Amino acid sequence: MNSTELFDLNGKVAIVTGGANGIGAASCRMLAEHGATVVIADLKLADAQALADQITAQGGKALAAGCNVLKDDDLVALVNRTMAEFSAIHILVNNAGGGGAGKESPFEITLEQFERPFQINVFSAWRLAQLCAPHMQEAGYGSIINMSSMSSLNKSPAISGYAASKAAINHMTANLAHDYGPIIRINAVGPGAVRTGALATVLTPEIEQRMLAHTPIKRLGEPEDIAGAVLYFAAPVSQWVSGQVLFVNGGGVQTLD
Ligand SMILES: NC(=O)c1ccc[n+]([C@@H]2O[C@H](COP(=O)([O-])OP(=O)(O)OC[C@H]3O[C@@H](n4cnc5c(N)ncnc54)[C@H](O)[C@@H]3O)[C@@H](O)[C@H]2O)c1
């Protein structure tokens, strides 16, 4: 395989959850630029459709699909629709996620609020992987990429639900690599602070200055920085890589406290 083929995704079908905005959208664009057909699965169908139109206008292949990853029926319907439209699934990016970053004081939240990040970050990713895996086996190529976070390593106040759920992703990924190999690889990407709508809700100029003080590459991340890692795991270039977490963080640590 020459070095161009190592990044070639022509003929591959990729599902990206939370694909309409932020890191997911950058991942959709990058996978499509390398030839993949992308299924942009998102709560916000209008945003997903706008991105699918952009990708198609630039010569790529994309489909927008409304999906709430917290609903099992939606996950089943997403996989069925992808199979009906494209007859294969090769790549799954479990990107939809979140939590109450910086607002998870155990003195203020309920057990249900603590559980929620596990439902969106861990349970939905495990379930969608389970639904996609047989189709990847059948296709003879599979790469699952779970979106972790630097929070899976950092220790900070008021973030125990989100951080613990992202740490669970890391270990779930390492263990599932043993279940899904040899045909299917499963890896995770752990972003530091990345300029997206989600970060904008909690970032202040003071927090940003503190983050940069601990970051050797003196800027925050852009969604494309993370999409590059997604591309690496999706493509044949990483064919002997499974069960790993790649932290993409400017070489540093960015926390909200
Ligand atoms: N931005 C950061 O600094 C950062 C850092 C570490 C990890 N992450 C992780 O990256 C992932 C993406 O974050 P982002 O910053 O790009 O977010 P974002 O808010 O910019 O975009 C998230 C997208 O996911 C969609 N979405 C939300 N809930 C959904 C659901 N239940 N079902 C389907 N779609 C849903 C939203 O509609 C939106 O389009 C998350 O897993 C997040 O935890 C982000």
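Higher on the page you've got the structure.
For clarity, every value in this text was computed on a predicted model and none was experimentally measured.

A.B. asks: I tried to follow the overall build of the protein on my own but got confused; where do I start?
C.D. replies: Check the secondary structure of the protein and you find 8 helices and 7 strands. Over its C-alpha trace the protein gives a radius of gyration of 17 Å, about what one expects of a compact globule, namely 18 Å for 257 residues. Considered along the principal axes of its C-alpha atoms, the protein spans approximately 50 × 40 × 40 Å. Relative to its full complement of 257 residues, the protein shows a buried share of 52%.

A.B. asks: Before we go on, may I ask you to explain helix α8 (residues 223-234) in this structure?
C.D. replies: Residues lying three or four places apart along an α-helix face the same way, a consequence of the helix completing one turn every 3.6 residues. Its 12 residues give α8 an end-to-end C-alpha distance of 16 Å, which sits within 8% of 16 Å, the value for a rise of 1.5 Å per residue. On its buried face, α8 is in contact with α1 (22-33), β4 (91-94), β5 (142-147), β6 (184-191) and β7 (245-248).

A.B. asks: Honestly, the site of the ligand in this entry has me stumped. Any pointers?
C.D. replies: The full set close to the ligand counts 28 residues, and D42, N95, Y162, V194 and T196 are the nearest of them. Separating an oxygen atom of the ligand from a side-chain N or O atom of Y162 is a distance of 2.7 Å. In this structure, T196 approaches the ligand through a side-chain N or O atom, which is 2.5 Å from an oxygen atom. Looking at the shell around the ligand residue by residue, the classes come out as 13 nonpolar, 12 polar and 3 charged.

A.B. asks: Sorry, what's going on with the sheet that holds β4 here?
C.D. replies: Either a parallel or an antiparallel arrangement is found when strands of a sheet pair, and the pairing is made through backbone hydrogen bonds. In space, the 7 strands of this open sheet follow the order β3-β2-β1-β4-β5-β6-β7, with parallel pairing throughout. Looking at the sheet topology across the chains shown, the edges are occupied by β3 (61-66) and β7. Between one strand axis and the next, the sheet turns through 15° on average, direction left out of account. In this sheet, β4 lies alongside strand β1 (residues 13-17) in parallel orientation, the contact comprising 3 bridges. Note that in β4 the partner of A14 across the bridge is I91. Helix α2 (residues 45-57) contacts β2 (37-42) and β3 of the sheet and is inclined by roughly 175° relative to β3. Lying over the sheet, helix α4 (residues 111-139) contacts β1, β4, β5 and β6, oriented at roughly 175° with respect to β4.

A.B. asks: For this particular structure, what's the right way to read the pairing of β1?
C.D. replies: A large share of β1 lies buried, amounting to 5 of its 5 residues. Burial along β1 is two-sided: the residues V13, I15 and T17 and A14 and V16 are all buried. Looking at chain direction, β1 and β2 are connected through 5 bridges and run parallel. For A14, the partnering residue across the bridge sits in β2 and is V38. Regarding the hand of the β-α-β motif, the stretch spanning β1, α1 and β2 is right-handed.

A.B. asks: Help me understand the nonpolar core in this model?
C.D. replies: One recurring pattern in soluble globular proteins: nonpolar side chains tend to sit buried together. Core analysis: the largest hydrophobic core is formed by 36 residues, its most contacted members being L9, L31, V38, I40, I91, I145 and V189. Listing elements by their share of this core, those giving two or more residues are β1, α1, β2, α2, β4, β5 and α8. Those residues in contact with L9, other than ones at most four positions away along the chain, are L31, H34, G35, A36, I91, L231, A234, A235 and P236. Counting residues in each nonpolar core, the second largest holds 33 residues, with I15, C67, A96 and I120 among its members.

A.B. asks: Hey, could you run me through the packing of aromatic side chains in this one?
C.D. replies: Any two aromatic rings considered together are summarised by their centre-to-centre distance and by the angle between their planes. Considering all chains together, one arrives at 2 aromatic pairs under this definition. When the ring of F114 is compared with that of F118, the centres are 5.4 Å apart and the planes differ by 45°; the resulting orientation is tilted. Here the residue F114 and the residue F118 both occupy positions in helix α4, the gap between them amounting to 4 residues, near one helical turn. Judged by relative accessible area, which is 29%, F114 ranks as partly exposed. A relative accessible area of 17% places F118 in the buried class. The ring of Y141 is capped by K12, whose NZ or CZ atom sits 4.5 Å from the centre of that ring.

About the cut-offs
- Residues numbered from 1 in each chain as written.
- Predicted model: local features only at pLDDT ≥ 70, side-chain atom pairs only at ≥ 80, totals over all residues.
- Heavy atoms only, no water.
- Helix = DSSP H or I, 4+ residues; strand = E, 2+ residues; numbered from the N terminus.
- Rg over C-alpha atoms; globule rule 2.2 N^0.38 Å.
- Buried < 20%, exposed > 50% of the residue type's maximum accessible area, 1.4 Å probe, protein only.
- Expected span 1.5 Å × (residues − 1).
- Contact = heavy atoms within 4.5 Å.
- Near = heavy atom within 4 Å.
- Polar contact = N/O pair within 3.5 Å; in protein donor to acceptor, adjacent residues only side chain to side chain.
- Nonpolar A, V, L, I, M, F, W, Y, C, P; charged D, E, K, R; others polar.
- Pairing = 2+ DSSP bridges.
- Axes fitted to C-alpha atoms, helices over the stretch in contact; angles between N-to-C directions.
- Right-handed = clockwise from strand over helix to strand, strands pointing away.
- Core = buried A, V, L, I, M, F, W, Y, C linked by side-chain atoms within 4.5 Å.
- Phe/Tyr/Trp six-rings, centres within 6.5 Å; stacked < 30°, edge-to-face > 60°.
- Lys NZ or Arg CZ within 6 Å of the ring centre and 35° of its normal.

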